[in-house]
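Tertiary structure, described
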Amino acid sequence: MNAQVITFKTMETEGKGFLSFFEAMHDIPFEIERVYYIYECPENVQRGGHAHRTLDQLLFCPYGSIEIILDDTSNKTSVMLDSPSKGLIIRGPVWRDMIWKKKDSVLVVAASSYYDESDYIRDYRDFVQYVNEGFLKETK
Ligand code: T46
């Protein structure tokens, strides 16, 4: 599974809270061209239902709790983003669903490329075919 949970470097200022940070190419293995965020979602909302062909992303939840369900056609796993210091790196073709476990949780995503709808695979059968074709090419 091309997905990895990371813990952000975090500074505490006594009595004044925490500051977490990450730097492109230092703390995550790609440059960042785009940041987007998803908010004001009711509890139990499910989003996603797609994979990316080439995009690399870092997902984190600075407020609330969001479950990320991942599937690379061989394995399925789930990661709970429930701490502002926790991040999830997803690289390349991994099918993802996101479930809002707490109302108003915020999902922030740092992405390696500008928005490009043609990088999305929004049909699961197309995703399986894409992964299998890639695998066949690599083993030829
Ligand atoms: C992902 C998960 C974690 C844009 O116009 N620009 C953008 O940068 C993005 C991200 C989306 N859009 C448009 C495309 C759709 O018309 O915004 C609309 C909602 O996007 P979507 O239904 O793909 O949103 P989610 O929450 O299902 O998925 C998003 C990202 O699209 C996706 O890359 O990995 O968050």
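First, a word on what this report is: a plain description of the structure on this page. For every chain, the first residue of its written sequence is number 1, and the numbers climb from 1 along that sequence. pLDDT decides what is reported in this predicted model: residues at 70 or higher carry local features, side-chain atom pairs at 80 or more are listed and counted, and totals for whole chains, interfaces and linings draw on all residues regardless. The basis for the side-chain values is all heavy atoms of the structure; hydrogens and waters are excluded.

Paired rings are identified among Phe, Tyr and Trp, the last through its six-membered ring, by centres lying within 6.5 Å, and are further divided according to the angle between planes into stacked (under 30 degrees), edge-to-face (over 60) and tilted (the rest). Applying the stated rule across the entire model yields eight aromatic pairs. Taken together, a centroid distance of 5.5 Å and an interplanar angle of 75° make the contact between Phe-22 and Phe-60 edge-to-face. Taken as a pair, Phe-22 in the loop between strand 3 (17-21) and strand 4 (34-38) and Phe-60 in strand 6 (residues 56-63) lie far apart in primary sequence, 38 residues in all. Classification of Phe-60 by relative accessible area gives buried; the value is 14%. The structure contains a cluster of three or more aromatic residues connected by ring pairs, namely Phe-8, Phe-22 and Phe-60. To sit over a ring, a charge needs its Lys NZ or Arg CZ within 6 Å of the ring centre and within 35 degrees of the ring normal. Across from the ring centre of Tyr-130, 5.4 Å away, lies the NZ or CZ of Arg-53, which sits over that ring. Numbering of helices and strands starts at the N terminus; helices are DSSP runs of H or I of at least 4 residues and strands are runs of E of at least 2. Accessibility here uses a 1.4 Å probe with only protein chains present; expressed as a share of the type maximum, an area under 20% marks a residue as buried, one over 50% as exposed, and anything in between as partly exposed.

Okay, the site of the ligand next. Whether a residue is near a molecule or strand depends on its heavy atoms: it is near if one of them lies within 4 Å of it. Around the ligand, 13 residues are found, and the nearest of them are Arg-34, Arg-47, His-52, Gln-57 and Tyr-120. A 3.5 Å cut-off defines polar contacts: any pair of N or O atoms within that distance qualifies, except that in protein one atom must be a possible hydrogen donor and the other a possible acceptor, and neighbouring residues in sequence count only when both atoms are side-chain atoms. Here Gln-57 contributes a side-chain N or O atom positioned 2.7 Å from an oxygen atom of the ligand. One of the side-chain N or O atoms of Tyr-120 is found 2.6 Å from an oxygen atom in the ligand. Within the complex, 69% of the 650 Å² of free accessible area of the ligand lies under protein. Looking at the shell around the ligand, the elements with two or more residues in it are strand 4, strand 5 (46-52) and strand 10 (95-100). Here the element with the most residues in the shell around the ligand is strand 5; it accounts for four residues. Here the accessible surface of atoms and residues is derived via Shrake-Rupley with a 1.4 Å probe, and residues count as covered only by protein chains that are part of the display.

This part covers the sheet that holds strand 11 (residues 106-111). The strand order 1-9-6-11-4 describes an open sheet built from five strands, whose pairing is antiparallel. The sheet is open, and its two borders are formed by strand 1 (3-7) and strand 4, each paired with just one other strand. The mean inter-strand angle of the sheet, taken between neighbouring strand axes irrespective of direction, is 20°. Whether two strands pair depends on DSSP finding at least two bridges between them. Two strands pair when backbone bridges link them, and strand 4 and strand 11 are joined in this way by five bridges, in the antiparallel orientation. The residue bridging Val-35 from the neighbouring strand is Ala-110, located in strand 11. Angular values range over 0 to 180 degrees, each being the angle between N-to-C directions of two axes fitted as lines to C-alpha atoms, with helices fitted over their stretch in contact.

This part covers the nonpolar core. Generally speaking, soluble globular proteins have nonpolar side chains that are buried together. Within this scheme, the nonpolar core is defined by two criteria: the residues are buried Ala, Val, Leu, Ile, Met, Phe, Trp, Tyr or Cys, and they are joined through side-chain atoms within 4.5 Å. Of all hydrophobic cores here, the largest spans 16 residues; its most connected members are Leu-59, Ile-68, Leu-81, Leu-88 and Leu-107. Secondary-structure elements contributing two or more residues to this core are strand 6, strand 7 (66-71), strand 8 (76-81), strand 9 (86-91), strand 10 and strand 11. Within the second largest apolar cluster, nine residues are counted, among which are Ile-6, Phe-30, Val-108 and Ala-110.

One non-glycine residue with positive phi stands out, namely Met-25, at about 70°. Mapped onto the elements of the fold, Met-25 is located in the loop between strand 3 and strand 4. With a relative accessible area of 46%, Met-25 lands in the partly exposed category. Phi at Asp-104 takes a positive value of approximately 70°, unusual for a residue other than glycine. With respect to the helices, strands and loops of the structure, Asp-104 is situated in the loop between strand 10 and strand 11.

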